[in-house]
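Chain by chain, the residues:
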Amino acid sequence: MKNLLIDYTTFDVSPQRIMESERQNNGKVIVTGCLQRANAKNQNGRIYPKEILMREVKNYKKVNIAESRALGELDHPESSVVNLQNVSHNVKDVWWKGDDVMGTVEVLSTPAGNILKELLKSGIKLGISSRGLGSVEELYENGEQAVQVKDDFELICWDFVSNPSTHGAFMHPSTNESINESYTKQKRNSVGKYDKVNNIISD
């Protein structure tokens, strides 16, 4: 049975470089960097085999990017459908650099896109996150438990999110099961911190 698979990659960019991108791209914010990594366990404990990602990236480029509809949202919905009301960006190109899926992303002048642009200008650290449908299987890698994505995986899109997870992957401006373990864990920890603060204030 296929589930909604969500995984995150760190997105890091300075406000100065965002403004530089606007100046050099006729007001458009265009960013380039790592979208996803193959053959490596991410912070969700999942591994995406390169051959599976290569197939999905090839299809995504051939259809979605070629037809200018490689759209993504600001924050992940619990859905396999891209909601046009929440679209913030469009992926313009993807390619491989070793085991990394690299990409060029244009931030759109939609309501969600304008929010995304202002967040980036304010220096807010965001993540870019893959969304897809597929099943997984458990395995052990170097004595540690991991989960590997199976061959039925289908890539839907890449979204911008508030909680990154893939280690060491960054994006920069260009001048020319519903499975969401990281989100659930972070949300739970965040609520706990606020509860402690509230208790201290109450005391």
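Residues numbered from 1 in each chain as written. Predicted model: local features only at pLDDT ≥ 70, side-chain atom pairs only at ≥ 80, totals over all residues. Heavy atoms only, no water.

Colleague: I'd like a rundown of the pairing of strand 7 (residues 126–134), residues and numbers included.
Modeller: Each regular strand displays side chains that alternate between the two surfaces of the sheet. Counting buried residues along strand 7, eight of its nine residues qualify, which places the element largely inside the surrounding structure. Here seven bridges tie strand 7 to strand 10 (residues 154–161), and the two strands are oriented antiparallel to one another. Bridge pairing in strand 10 links Ile128 to Phe160. (Buried < 20%, exposed > 50% of the residue type's maximum accessible area, 1.4 Å probe, protein only. Helix = DSSP H or I, 4+ residues; strand = E, 2+ residues; numbered from the N terminus. Pairing = 2+ DSSP bridges.)

Colleague: Outline unusual backbone geometry, listing residues and values.
Modeller: Phi angles above zero are rare outside glycine, and Asn26 is one such case at about 55 degrees. With respect to the element layout, Asn26 can be found in the loop between helix 1 (15–24) and strand 2 (29–37). Note on Asn26: relative accessible area 78%, which makes it exposed. Backbone geometry places Ser68, a non-glycine residue, at a positive phi of 55 degrees. Judged by its relative accessible area of 52%, Ser68 falls in the exposed class.

Colleague: An account of the environment of Ser135 is needed here, citing residue identities and associated values.
Modeller: Within the secondary structure layout, Ser135 lies in the loop between strand 7 and strand 8 (136–141). The class for Ser135 is buried, based on a relative accessible area of 11%. Sequence separation between Ser135 and Glu154 is 19 residues, and the spatial gap between their C-alpha atoms is 9.8 Å. Polar side-chain contacts of Ser135 include one of 2.7 Å to the side chain of Asp152. (Polar contact = N/O pair within 3.5 Å; in protein donor to acceptor, adjacent residues only side chain to side chain.)

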